[in-house]
Amino acid sequence: HGTPEERALVRSAIEQGTADQFEPILQAIERTGALDYTRARAQEEAQAARAAVDTMLGSDATPEDASSASSMPAGTSVYRDALLYLAAYSIERDH
């Protein structure tokens, strides 16, 4: 939800593959709350993914059981566990 100028600046940086306008882009990101918004949406999507995995694979674990990559419960399938781990990891990573 940045200004038209900020959107153009970000679009140009992506299209050109340059970082020479990093500071003004960072300021726009911080000003608009884009990181907080993106983090909240990622958490919602990860929760939906966990629920979908549990439904598809007939899990008896609750989505809260798999809310952290570092505290994954033992599951009924290594594939289920891997999918749940990826959902948790995707929102916990810091890079």
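This text gives an overview of the structure that appears in the document.

About the criteria used
Residues numbered from 1 in each chain as written. Predicted model: local features only at pLDDT ≥ 70, side-chain atom pairs only at ≥ 80, totals over all residues. Heavy atoms only, no water. Helix = DSSP H or I, 4+ residues; strand = E, 2+ residues; numbered from the N terminus. Buried < 20%, exposed > 50% of the residue type's maximum accessible area, 1.4 Å probe, protein only. Areas by Shrake-Rupley, 256 points an atom, 1.4 Å probe, with all protein chains shown as cover. Salt bridge = Lys/Arg side-chain N within 4 Å of Asp/Glu carboxyl O. Axes fitted to C-alpha atoms, helices over the stretch in contact; angles between N-to-C directions. Parallel < 35°, antiparallel > 145°, perpendicular 65-115°, else oblique. Left-handed = near helix turned anticlockwise from the far one by under 90°. Contact = heavy atoms within 4.5 Å. Nonpolar A, V, L, I, M, F, W, Y, C, P; charged D, E, K, R; others polar. Patch = residues over 30% accessible without salt bridge, like charges linked within 9 Å, V, L, I, M, F, W, Y side chains within 5 Å. Phe/Tyr/Trp six-rings, centres within 6.5 Å; stacked < 30°, edge-to-face > 60°. Expected span 1.5 Å × (residues − 1). Polar contact = N/O pair within 3.5 Å; in protein donor to acceptor, adjacent residues only side chain to side chain.

Remarks on the overall build of the chain
Now for step 1: Check the secondary structure of the chain and you find 4 helices and 0 strands.
Now for step 2: When its helices and strands are written in sequence order, the chain yields α-α-α-α.
Now for step 3: Across the 95 residues in the chain, those meeting the buried criterion constitute 20%.
Now for step 4: A total of about 6900 Å² of accessible surface is found on the chain, and carbon and sulfur atoms cover 57% of it.

Re the pattern of salt bridges
Now for step 1: Overall, the coordinates contain 6 salt bridges when judged by the stated rule.
Now for step 2: Note that Arg-41 is salt-bridged to Glu-44, the shortest N-O span being 2.6 Å. Highlighted residues: Arg-41 and Glu-44, both in helix 3 (residues 34-57), separated by 3 residues, approximately one helical turn.
Now for step 3: A residue is classified by how much of its surface remains accessible, and Arg-41, at 33% relative accessible area, is partly exposed.

Re the packing of helix 1 (residues 4-16) against helix 2 (residues 22-32)
Now for step 1: For the pair helix 1 and helix 2, interaxial distance at closest approach is 10 Å and the crossing angle is 130°. For the element pair helix 1 / helix 2, the angle class is oblique. Every pair of crossing elements has a handedness; the one defined by helix 1 and helix 2 is left-handed. Contact residues: Glu-6, Leu-9, Val-10 and Ala-13 in helix 1; Pro-24, Ile-25, Ala-28, Arg-31 and Thr-32 in helix 2.
Now for step 2: Split into classes, the residues belonging to the contact of helix 1 with helix 2 amount to 6 nonpolar, 1 polar and 2 charged.

Quick look at a nonpolar patch on the surface
Now for step 1: A surface patch of nonpolar side chains, about 500 Å² in accessible area, is lined by Met-56, Leu-83, Tyr-85, Leu-86 and Tyr-89.
Now for step 2: At 4 residues, the largest contribution of residues to the nonpolar patch is made by helix 4 (residues 78-92).
Now for step 3: With respect to the helices and strands, Tyr-85 occurs in helix 4.

With respect to the packing of aromatic side chains
Now for step 1: Tallied over the entire structure, the rule returns 1 aromatic pair.
Now for step 2: With a centroid separation of 6.0 Å and an interplanar angle of 15°, the aromatic rings of Tyr-85 and Tyr-89 are classed as stacked. Of this pair, Tyr-85 and Tyr-89 both sit in helix 4, 4 residues apart, which is roughly one turn of that helix.

Description of helix 4
Now for step 1: Its 15 residues place the ends of helix 4 20 Å apart at the C-alpha level, agreeing with the 21 Å of an ideal helix rising 1.5 Å per residue.
Now for step 2: With a side-chain oxygen positioned 3.0 Å from the backbone nitrogen of Tyr-79, the residue opening helix 4 is Ser-77.

Points about the side chain of Ser-77
Now for step 1: As for its placement among the helices and strands, Ser-77 is situated in the loop between helix 3 and helix 4.
Now for step 2: A distance of 3.0 Å separates a polar side-chain atom of Ser-77 from the backbone nitrogen of Tyr-79.
Now for step 3: Only 3.2 Å separates the side chain of Ser-77 from the backbone nitrogen of Arg-80, close enough to count as a polar contact.

Read these as spatial facts, not as claims about activity.
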